[in-house]
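Structural features, examined
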Amino acid sequence: MTQPTADPKPPSTGRRRLRGTVVTLALGVTLFAVGAVGLSPWNTEQDRATAAAGAPATAGGARADSVTALREQLRRLPQNASAWAQLGMAYVQQGRVTADPATYAKAEAALRRSLKELPDDNYQAQVGMGALAAARHEFTAALAWGREAAAANPSNAPAQAVLADAHTQLGQYAASYRAVQRMVDLRPDTSSLARASYTWELRGDIPQARALMKRALDDASGPADQAFARVHLATLAQESGDARTALREAEQGLRAVPRDAALLEARARAHAALGHDRQAVADYTAAVAIAPLPQYVIGLGELEQSLGHTREAEAQYAFLRTQEQLRRAGGFAPDVDDVLFEADHGEAGRAVALGRAALKNRPFIAVQDAYAWALHRAGRDAEALTYADRALSLGTRSALFHYHRSVIHRILGNTASAAKDLDRALAIDPCFHPLHARDARAERDARDGRGARTADITRAADTARTPGAARAAQQRIDSAS
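Residues numbered from 1 in each chain as written. Predicted model: local features only at pLDDT ≥ 70, side-chain atom pairs only at ≥ 80, totals over all residues. Heavy atoms only, no water.

1. Brief notes about helix H22 (residues 415-428)
The line we're drawing: Under the DSSP-based scheme used, a helix requires at least four consecutive residues in state H or I and a strand at least two consecutive residues in state E, with every element numbered from the N terminus. In this analysis, the expected span of each helix is defined as 1.5 Å times one less than the number of residues it contains. Each residue gets one of three labels from its accessible area relative to the maximum for its type: buried under 20%, exposed over 50%, partly exposed in between, using a 1.4 Å probe on protein chains only. Whether two residues touch is decided by their heavy atoms; if any such pair falls within 4.5 Å, the residues are in contact.
Helix length check: H22, at 14 residues, gives a terminal C-alpha distance of 20 Å against a target of 20 Å (1.5 Å per residue), a fit within 8%. Ala418, Ala419, Asp421, Leu422, Ala425, Leu426 and Ile428 are the residues of H22 that are buried. Next to the buried residues of H22 lie helix H21 (399-411) and helix H23 (436-447).

Right, dumping it as structure tokens:
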């Protein structure tokens, strides 16, 4: 199969079919992360009408008044199966932002009411149930609902989105390719183009991923879709070591949706990489206040720790542990953030147990990496290497994955492989993690014969108690390199 290419010119309308070989995806590729589910696979007419009216969007894409409008409509027409399905999906979108199990319960109730009103061939409710299952990280159930929706309406693009997301997280990459290709063929809009972008990100082709995400941005129907595309353009830049472009993308998105938590986090990461400590802390704090998702809480905690703010960091970690207890009580399966947090800040044995459970539920590459890191922390590096290799087997450009594998190789005595992975991590993004990136630079300097001097400076950075002192110490490390 020939290599696909992206047409650099945007389509004249997002509803026309892509030309020729545009977005022709190679077999065996997949979406990069479950974050793709964060863009609703089902852009309803209700959402489009609200966007056209200029209504504000909340973080994560659910418009502030959409739930109210749907509930009012259902008060007048309680047998409207389509409106029940739309209400259920609106609650799914809210739940992704708030991580509130009660919101997901409301979503399920609305979707099941839709199925009660229209038991047969209710593909809208089936898509909603698939999206809900994916949001809960119940990917086997999501796959089943996606198949039902696709059978009920083979021409329904959102059903293919559910299938693509579920196949991806279950590690079924060829099947995910087919679903993405089908979705693009049916409806080349923001949702399908974003998922196509992920397939290239996974393969390590960042220019192609960026080109397709820019097309997703061009096709965006309103502020929420624009915010989604801006987040991922910022992430593509950030994780390629281009913090200034990441900052610009995040700020452009925030002009349209000022309180989007994902954009605030993207700007926080860019500020942190550029040494803008106060701005980074402020943006992370704002993101957590809007949407206290685990990745935001961990990001803020680790940034505070890197700045020597031990008390503030521990406050975030305590909050996260409380959240984790609530999620476990609500029946949520452990995920990547849970595993990595426990590996880095908790008990290695518990991290391994969480990783094993997460991998059973979701054998995606990010989970493979997290489990590898947990095994390393538990002193089981020979086992860890197998999973670290799996995490990188598809060609993904991830500085964190390469760093994790470099440490595992070093412990196993594989000096050349450790050096290769370490250099690769720092070449991809020298600021890939608030804590590990500093360790990676110190290890590289020690390997290259500057260890004694750099180690002293690194200790000074670790013990610095103000952002300015920490940054000054870090600059001395970089100059020593």
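2. Some points on the nonpolar core
Our working rule: Residues enter a nonpolar core if they are buried and are Ala, Val, Leu, Ile, Met, Phe, Trp, Tyr or Cys, with the set joined through side-chain atoms within 4.5 Å.
Ranked by size, the top nonpolar core spans 55 residues in total, and within it Leu87, Val92, Val127, Met129, Leu132 and Met213 carry the most contacts. Leaving out residues up to four positions away in the same chain, Leu87 has contacts with Val67, Leu70, Arg71, Leu74 and Ala110. Leu202, Ala366, Ala374 and Phe432 belong to the second-largest nonpolar core, a separate cluster that totals 40 residues.

3. Things to note about the pattern of salt bridges
Filter applied, for reference: What makes a salt bridge here is a side-chain nitrogen of Lys or Arg within 4 Å of a carboxyl oxygen of Asp or Glu, nothing more.
Under the criterion given, the structure shown has 24 salt bridges. As a salt-bridge pair, Asp189 and Arg187 come within 2.6 Å of each other at their nearest N and O atoms. The pair Asp189 / Arg187 is uniform in exposure class, with both members buried. Where Glu239 meets Arg269, a salt bridge forms, and the shortest distance between an N and an O atom there is 3.5 Å.

4. Observations concerning the packing of helix H11 (residues 223-238) against helix H13 (residues 261-273)
A packed helix pair is summarised by two numbers, namely the angle formed by the two axes and the spacing between the axes. The test is simple: Axes here mean lines fitted to C-alpha atoms, for a helix over just the part in contact, with angles spanning 0 to 180 degrees between N-to-C directions. Here the word oblique covers every angle except those under 35 degrees (roughly parallel), over 145 (roughly antiparallel) and from 65 to 115 (roughly perpendicular). Handedness of each helix crossing follows the sense of rotation of the near helix against the far helix: counterclockwise by less than a right angle gives left-handed, clockwise gives right-handed. Each residue is assigned to one of three groups, with Ala, Val, Leu, Ile, Met, Phe, Trp, Tyr, Cys and Pro labelled nonpolar, Asp, Glu, Lys and Arg labelled charged, and all others, Gly among them, labelled polar.
It is the contact of H11 with H13, at a shortest axis distance of 9 Å, that shows an interaxial angle of 20 degrees. Of the possible angle classes, the one that applies to H11 and H13 is roughly parallel. Where H11 crosses over H13, the two elements pack in a sense that is left-handed. Contacts between H11 and H13 involve Ala227, Arg230, Val231, Ala234, Thr235 and Gln238 from the first element and Ala262, Leu263, Ala266, Arg269, Ala270 and Ala273 from the second. The residue inventory of the contact of H11 with H13, partitioned by class, reads 8 nonpolar, 2 polar and 2 charged.

5. Some words on the packing of aromatic side chains
Formally: Aromatic contacts are taken between Phe, Tyr and Trp rings whose centres are within 6.5 Å, Trp giving its six-membered ring; a plane angle under 30 degrees counts as stacked, one over 60 as edge-to-face, and the others as tilted. Any Lys NZ or Arg CZ found within 6 Å of a ring centre and within 35 degrees of that ring's normal is scored as a charge over the ring.
For the coordinates displayed, the defined rule picks out 4 aromatic pairs. Measuring from centroid to centroid gives 5.5 Å for Tyr403 and Phe432, while their planes differ by 45 degrees, and the two rings are tilted. A residue pair is termed long-range when its members are at least 10 positions apart, and Tyr403 in helix H21 and Phe432 in the loop between H22 and H23 qualify at 29 residues. Assigned by exposure class, Tyr403 and Phe432 land together as buried. By way of ring pairs, the aromatic residues Trp373, Tyr403 and Phe432 are connected into one cluster. The ring of Tyr387 has Arg390 lying over it, and the distance from NZ or CZ to the ring centre is 4.8 Å.

6. Thoughts on the confidence of the model for the protein chain
For clarity, the cut-off: One number per residue, pLDDT, summarises how confident the predictor is, and it ranges from 0 to 100.
Residues at a pLDDT of 70 or more form 80% of the protein chain, whose mean pLDDT is 83. Low pLDDT, under 50, characterises residues 1-62; the stretch is placed with 176 contacts to residues that sit more than four places away or in other chains. Per-residue pLDDT stays below 50 along residues 476-481; that stretch engages in 14 contacts with residues further than four places along the chain or on separate chains.

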